[in-house]
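Given next are the chains, with one letter for each unit.
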Amino acid sequence: MKIALGSDHAGYELKEKIKQLLTTEGFEYEDFGALSTESVDYPDFAHPTAEAVENKSCDFGIVICGSGQGVNMTANKHAGIRSALCWMTDIAELSRKHNDANILALPARFIATEYAFEIVKVFLNTPFEGDRHQKRINKIACS
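Residues numbered from 1 in each chain as written. Predicted model: local features only at pLDDT ≥ 70, side-chain atom pairs only at ≥ 80, totals over all residues. Heavy atoms only, no water.

## A short note on the pattern of salt bridges
So, step 1. Scanning the entire structure with this criterion turns up nine salt bridges.
So, step 2. With a closest N to O distance of 3.2 Å, K19 and E16 form a salt bridge. With K19 and E16 both in helix α1 (residues 12–24) and three residues apart, the pair spans about one turn of that helix.
So, step 3. Note that D100 is salt-bridged to R96, the shortest N-O span being 2.9 Å.
So, step 4. The exposure class assigned to D100 is buried, which follows from its relative accessible area of 19%.
So, step 5. A relative accessible area of 6% places R96 in the buried class.
So, step 6. A network of salt bridges, in which partner residues are shared, links K15, E16, K19 and D31. (Salt bridge = Lys/Arg side-chain N within 4 Å of Asp/Glu carboxyl O. Helix = DSSP H or I, 4+ residues; strand = E, 2+ residues; numbered from the N terminus. Buried < 20%, exposed > 50% of the residue type's maximum accessible area, 1.4 Å probe, protein only.)

This is the structure:
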């Protein structure tokens, strides 16, 4: 399984730690930046991350900024993307089970690294339940 990663400057350090976790857990990844803690614009990294999931060159994505909101909003502008802002493992689990979320948005300034790791693991290892949830997902797209 291949994971697309993108962050702004506020999410850079957490992204780098998540790369180590993904390697340890046996996942491949593609890093779309940022490449440092120097101030950048989050859409410049959230868009290519979402595009990689949208065009299926990556199975899932993880986007990170200070609050998680900006990268989440940006990713959700893409057709077929269901990005979920998660700050608890329960939300990550339900986002996968019920919403078939394919991008995880994390708020780097509001969660501890160890807890972010738990959220990532839950998100990547929870299957979509399908069934009654699929008909709801089919109603999300506007076009």
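## Remarks on the pairing of strand β1 (residues 2–7)
So, step 1. The element β1 is extensively covered by neighbouring structure, given that five of its six residues are classed as buried.
So, step 2. Bridge analysis of β1 against strand β2 (residues 28–31) gives four bridges, and the strand direction is parallel. Its bridge partner lying in β2, A4 is registered against E30.
So, step 3. Of the pairings in the sheet, the one linking β1 to strand β3 (residues 60–65) comprises five bridges and is parallel in character. Residue pairing for β3: G6 is matched across the bridge by V63. (Pairing = 2+ DSSP bridges.)

## Comments concerning the sheet that holds strand β5 (residues 103–107)
So, step 1. The sheet built from five strands is open, its strands ordered β2-β1-β3-β5-β4 with parallel pairing. What marks the edges here is a single partner per strand, and that holds for β2 and β4 (83–85). Geometrically, the sheet is characterised by an average inter-axis angle of 25° between neighbouring strands, direction not taken into account.
So, step 2. Together, β1, β3 and β5 form the strand contacts of helix α2 (residues 43–54), whose direction differs from that of β1 by roughly 165°. (Axes fitted to C-alpha atoms, helices over the stretch in contact; angles between N-to-C directions. Contact = heavy atoms within 4.5 Å.)

## What to know about helix α4 (residues 89–99)
So, step 1. Those residues of α4 that sit buried are T89, A92, S95 and R96. Projection of α4 onto a plane perpendicular to its axis shows the buried side chains occupying an angular sector of 130°, all on one side.
So, step 2. Lining the buried residues of α4 we find β3, β4 and α5 (113–125).
So, step 3. Within two residues after α4, D100 carries a phi angle of roughly 50°, on the positive side. (Arc of directions from axis to C-beta.)

## So, the side chain of T89
So, step 1. By secondary structure assignment, the location of T89 is in helix α4.
So, step 2. For T89, a relative accessible area of 19% gives the class buried.
So, step 3. Once residues lying within four places of it in the same chain are set aside, the contact partners of T89 are Y115, E118, I119 and V122.

## What to know about α2
So, step 1. For α2, built from twelve residues, the straight-helix expectation of 16 Å at 1.5 Å per residue is met to within 8% by its first-to-last C-alpha distance of 16 Å.
So, step 2. Residues of α2 that are buried: F45, A46, T49, A50, A52 and V53. Looking straight down α2, one finds that the buried residues subtend no more than 155° of arc, so they occupy a single side.
So, step 3. Considering only its buried residues, α2 is in contact with β1, β3, α3 (69–75) and β5. (Expected span 1.5 Å × (residues − 1).)

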